[in-house]
Amino acid sequence: MSDVFISYARSTEAEAGRIGEALRALGYGVWRDDELPAHRDYSEVIEERLRAAKAVVVVWSAEAVKSQWVRAEADFAREAGKLVQLTLDGAALPMPFNRIQSADLNGWSGDLDAPSWLKVVTSVNDLCGAAPADAAPPRASRPTAAPAGPLLAVLAFDNLSGDAEMAYFSDGVSDEILQTVASGSELRVIGRGSSFQFRGAAKAAGHVAAVLNATHVLDGSVRRSGSRVRISASLVECAHETTLWSDRFDRELSDVFALQDEIAAAVAAALKVAFAPAVEAETVNPAAYNLYLKALDIRNRGLESDSRLAVSKLLAEATNLAPRFARAWAFLATIQAERLRFDEDDRPYRIARAEVETTAGIALSLDPGLGTAYQALSRLPPAAAFADREALHQTALSVAPNDPTVLTNASLFFTELGRVHEALGYARRAYSLDPMYPWVANWYANMVAYAGHPEDASALFEQLRARWPDNILIAWNCIASGMAHGDWAWVDVLLAAVEARGLDSPTLRLVIDWSRAVRDPSPEVQARVLNQYRETLESTGGLSLSNLGLLYKLGLSDEVFELVDQSTFAYAFDPQLRSPDARGSNGVIFSNPRNAALMRDPRFPRLCAKLGLCDYWVESGRWPDCAEVVAPVYDFKAECRRLATSGGGRLQASGGR
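This is a predicted model, so every value here is computed, not measured. (Residues numbered from 1 in each chain as written. Predicted model: local features only at pLDDT ≥ 70, side-chain atom pairs only at ≥ 80, totals over all residues. Heavy atoms only, no water.)

**Topic: the overall build of the protein**
Then comes step 1: Helices and strands together make up the secondary structure of the protein, namely 31 helices and 11 strands.
Then comes step 2: A buried classification covers 54% of the 657 residues belonging to the protein.
Then comes step 3: Carbon and sulfur atoms provide 50% of the accessible area of the protein, an area that totals close to 27300 Å². (Helix = DSSP H or I, 4+ residues; strand = E, 2+ residues; numbered from the N terminus. Buried < 20%, exposed > 50% of the residue type's maximum accessible area, 1.4 Å probe, protein only. Areas by Shrake-Rupley, 256 points an atom, 1.4 Å probe, with all protein chains shown as cover.)

Quick look at the structure:
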């Protein structure tokens, strides 16, 4: 029997069909009345299907509201606890359905990333259980909305070497081909975090197209024997599952870079996309290439201090063996910059910084199109050097406009400037290119929340939680999001899930403690939290921005600004000083669900001035989104100009250096 029953009125048959195909693309069995058999009483079949379905999706419209059949099916589903509602035209729902949450799909064109559609998917997931990402759909399905222009998914090539330990090699070769195509052409390419999740039977072009909205799929296999490698590749057009091009390449491993460029050029030619290799192909020491792929493998499993050190050692050895290996240099610069920012280092700061500059410079001299190298350099200026850092991010975006990592890094930076909707745009683009990469998807959900759409963010977070139930970063952000907009019923569900799955980390424990404090702001809790902030300020002279808004929500508004006035915020102006927020972004102060009340306080520009933001806004003329939002309460721009003109920003903030 089918998982999902779709109830609809005849006037919305096309829309119901599109909804059904989108759910089938996720691996669910779907039934609607276009499948009624000719030999049976249709009322018996409908009742049978209704009872068997795990979820009933009711497509409301003006006609559906008047339909006795739709209302009867909806009532059955409501009583059975398996009702999922959506509306196509905003028609008022009849009682008692008007008291139940309904997703608004008015104007929905089939965008699988639309928050309203994600809300439907989350509800279906909850009722049916999340469909496995590698499950082939029960019947051929197609993207519900064709993307503008070709969108290529490069799948992880199959490892045919007979050695399970060589899986990293085939993935690495696939990744290099993906990067070569993406950086050397105008072609849009889905990120590896999404496309590399398809393995085995799930590689069917129709399935990949349905889940990722790809128009074309590049797949293949890698067989390595000693110093020789054979790569077979084929390019498939998804709509008709037609092979446009296929070929086989036998080479010495030292020619692998040239081989990647050959395949990339052939793909682009088949798609009639102009392509020229970004970098002149060269021979590479096979041992260096193996080191690089091992480093990629560690990186893609996540990085902590120890693993960053291991990756940097592998890449240092690779670049020593292959001095013209541009991507290895850019990768090494990124890791070095992260170590400089996050990890303890016995070397003098100037030496560690010079190392990053030298490494990034080598990468860019070999390939000026490596956006991540520019973003590695953007970590070097002090946090308050906003104009310098912005210039480096803009350069990265100009040379790598379709790199999900570059787009996500840029989004994180622009939240620091308070340009939340601009940051949301970059995050949305990254997510559209790599929706199954947890880091990209998690940040996109955060940005939806930052922009003031908590319900849509919650729906998206629920989808991510269903897909990656053991991802601590996502669990942490789910709890933080629920806490920020006071959805305590959801927080209870999240806390139970964390306990049931045995998830634990210092950061996760911290957000759980904060959720309890915000939920029960007793005088004792207020005093304890405030004392923690005062102790940190006394010992470091700095002030963490991560939870200032939550402190404000505890009713400690005056105390928050007393802390702000006492802090030097010297770490924003001295790159050698470690931020109290560790890896956190100062952009959190512009998050709507966490800090809306803080931003509406006329004292908020004082905080911005001490971070150097007022000077930047006045000099650049680029104002944060909150300037317009708080305009009915106070003149944000005038206050920022006053503080910048009086030197209340930089001079006060740098006083403790």
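The structure having been displayed, the exposition proceeds.
**Quick look at the nonpolar core**
Then comes step 1: Core analysis: the biggest nonpolar cluster contains 177 residues, and F169, L218, L551, F590, F604, W617 and F636 have the highest contact counts within it.
Then comes step 2: In this structure W617 touches L417, F590, C608, R622, W623, P624, F636 and C640, once residues within four positions along its chain are discounted.
Then comes step 3: Within the second largest apolar cluster, 24 residues are counted, among which are I19, L86, W117 and V120. (Core = buried A, V, L, I, M, F, W, Y, C linked by side-chain atoms within 4.5 Å. Contact = heavy atoms within 4.5 Å.)

**Focus on helix α11 (residues 305-321)**
Then comes step 1: With 17 residues, α11 extends 25 Å from end C-alpha to end C-alpha; this agrees with the ideal 24 Å at 1.5 Å per step.
Then comes step 2: Every buried residue of α11 is accounted for by S307, R308, V311, S312, L314, L315, A318 and T319. For α11, the buried positions fall inside an angular range of 165° around the axis, keeping them on one side. Those residues of α11 that are exposed and angled more than 90 degrees off the buried face are D306, K313 and N320.
Then comes step 3: Buried residues along α11 sit against α10 (286-299) and α12 (326-342). (Expected span 1.5 Å × (residues − 1). Arc of directions from axis to C-beta.)

**A short note on the pattern of salt bridges**
Then comes step 1: In the structure shown here, the tally under the stated rule is 25 salt bridges.
Then comes step 2: Close ionic contact of R519 with D492 constitutes a salt bridge, the shortest N to O distance being 2.6 Å. In this pair, R519 is assigned in helix α22 (residues 506-519) and D492 in helix α21 (residues 488-501), connecting sequence segments 27 residues apart.
Then comes step 3: By relative accessible area, R519 is classed as partly exposed at 40%.
Then comes step 4: On the basis of relative accessibility, which here comes to 37%, the residue D492 falls in the partly exposed class.
Then comes step 5: We note a salt bridge from D513 to R516, for which the minimum N-O separation is 3.9 Å. Placement of both D513 and R516 in helix α22 is noted, with a separation of three residues, approximately one turn of the helix.
Then comes step 6: Among the charged side chains, a network of salt bridges with common partners joins E390, R419, E422 and R622. (Salt bridge = Lys/Arg side-chain N within 4 Å of Asp/Glu carboxyl O.)

**Some thoughts on the packing of α21 against α22**
Then comes step 1: Contact geometry of α21 with α22 gives a least axis separation of 12 Å together with a crossing angle of 150°. Judged on the interaxial angle alone, α22 and α21 are roughly antiparallel. Two packed elements cross with a definite hand, and for α21 against α22 that hand is left-handed. Along its contact with α21, which presents W488, D492, L495 and V498, the element α22 presents L508, I512, S515, V518 and R519.
Then comes step 2: For the contact of α21 with α22, the residue count by class is six nonpolar, one polar and two charged. (Axes fitted to C-alpha atoms, helices over the stretch in contact; angles between N-to-C directions. Parallel < 35°, antiparallel > 145°, perpendicular 65-115°, else oblique. Left-handed = near helix turned anticlockwise from the far one by under 90°. Nonpolar A, V, L, I, M, F, W, Y, C, P; charged D, E, K, R; others polar.)

**Some details on the packing of α10 against α11**
The description of two packed helices rests on the angle between their axes and on the distance between the axes.
Then comes step 1: Axis separation between α10 and α11 bottoms out at 8 Å; the angle between their running directions is 160°. Between α10 and α11, the crossing angle belongs to the class labelled roughly antiparallel. Every pair of crossing elements has a handedness; the one defined by α10 and α11 is left-handed. Contacts between α10 and α11 involve A287, A288, L291, Y292, K294, A295, I298 and R299 on the former and, on the latter, S307, V311, L314, L315, E317, A318 and L321.
Then comes step 2: Of the residues that constitute the contact of α10 with α11, the class distribution is 11 nonpolar, one polar and three charged.

**What to know about the pairing of strand β9 (residues 216-225)**
Then comes step 1: In terms of residue burial, β9 counts as a mostly covered element, since seven of its 10 residues are buried.
Then comes step 2: As paired elements, strand β6 (residues 151-154) and β9 share three bridges and run parallel to each other. Pairing of L152 across the sheet is with H216, part of β9.
Then comes step 3: Both strand β7 (residues 158-159) and β9 contribute to a ladder of two bridges, which runs parallel. The residue of β9 that forms the bridge with D158 is S221.
Then comes step 4: Relative to strand β10 (residues 228-237), β9 runs antiparallel, the two sharing 10 bridges. Residue pairing for β10: V217 is matched across the bridge by V236.
Then comes step 5: Counted along the chain from β9 to the antiparallel partner β10, the turn is two residues long, and its residue G226 has a positive phi close to 60°. (Pairing = 2+ DSSP bridges.)

**Concerning the sheet that holds strand β2 (residues 30-31)**
Then comes step 1: One open sheet accounts for five strands, arranged β2-β1-β3-β4-β5; its pairing is parallel. The open sheet has two edge strands with one neighbour each: β2 and β5 (103-104).
Then comes step 2: As paired strands, strand β4 (residues 83-87) and β5 are joined by two bridges and run parallel to one another. Bridging across to β5, L86 finds its partner in A103.
Then comes step 3: Docked against the sheet, helix α4 (residues 68-80) engages β1 (4-7), β3 (55-60) and β4, running at close to 145° with respect to β3.
Then comes step 4: Lying over the sheet, helix α5 (residues 115-128) contacts β1, β3, β4 and β5, oriented at roughly 170° with respect to β4.

**Description of the packing of aromatic side chains**
Then comes step 1: A complete count under the given rule lists 19 aromatic pairs for this structure.
Then comes step 2: Residues Y292 and F331 carry aromatic rings whose centres are separated by 6.2 Å and whose planes lie at 85° to one another, so their mutual orientation is edge-to-face. Within this pair, whereas Y292 is found in helix α10, its partner F331 is found in helix α12, the two being separated by 39 residues in sequence. In this pair, the class of Y292 matches that of F331, namely buried.
Then comes step 3: It is R467 that lies over the ring of W468; its NZ or CZ is 5.3 Å from the centre. (Phe/Tyr/Trp six-rings, centres within 6.5 Å; stacked < 30°, edge-to-face > 60°. Lys NZ or Arg CZ within 6 Å of the ring centre and 35° of its normal.)

**What about the environment of T243?**
Then comes step 1: Here T243 is to be found in strand β11 (residues 242-252).
Then comes step 2: Along the backbone, T243 and H216 are 27 residues apart, and their C-alpha atoms lie at a distance of 9.6 Å.

That is the geometry; function is a separate question.
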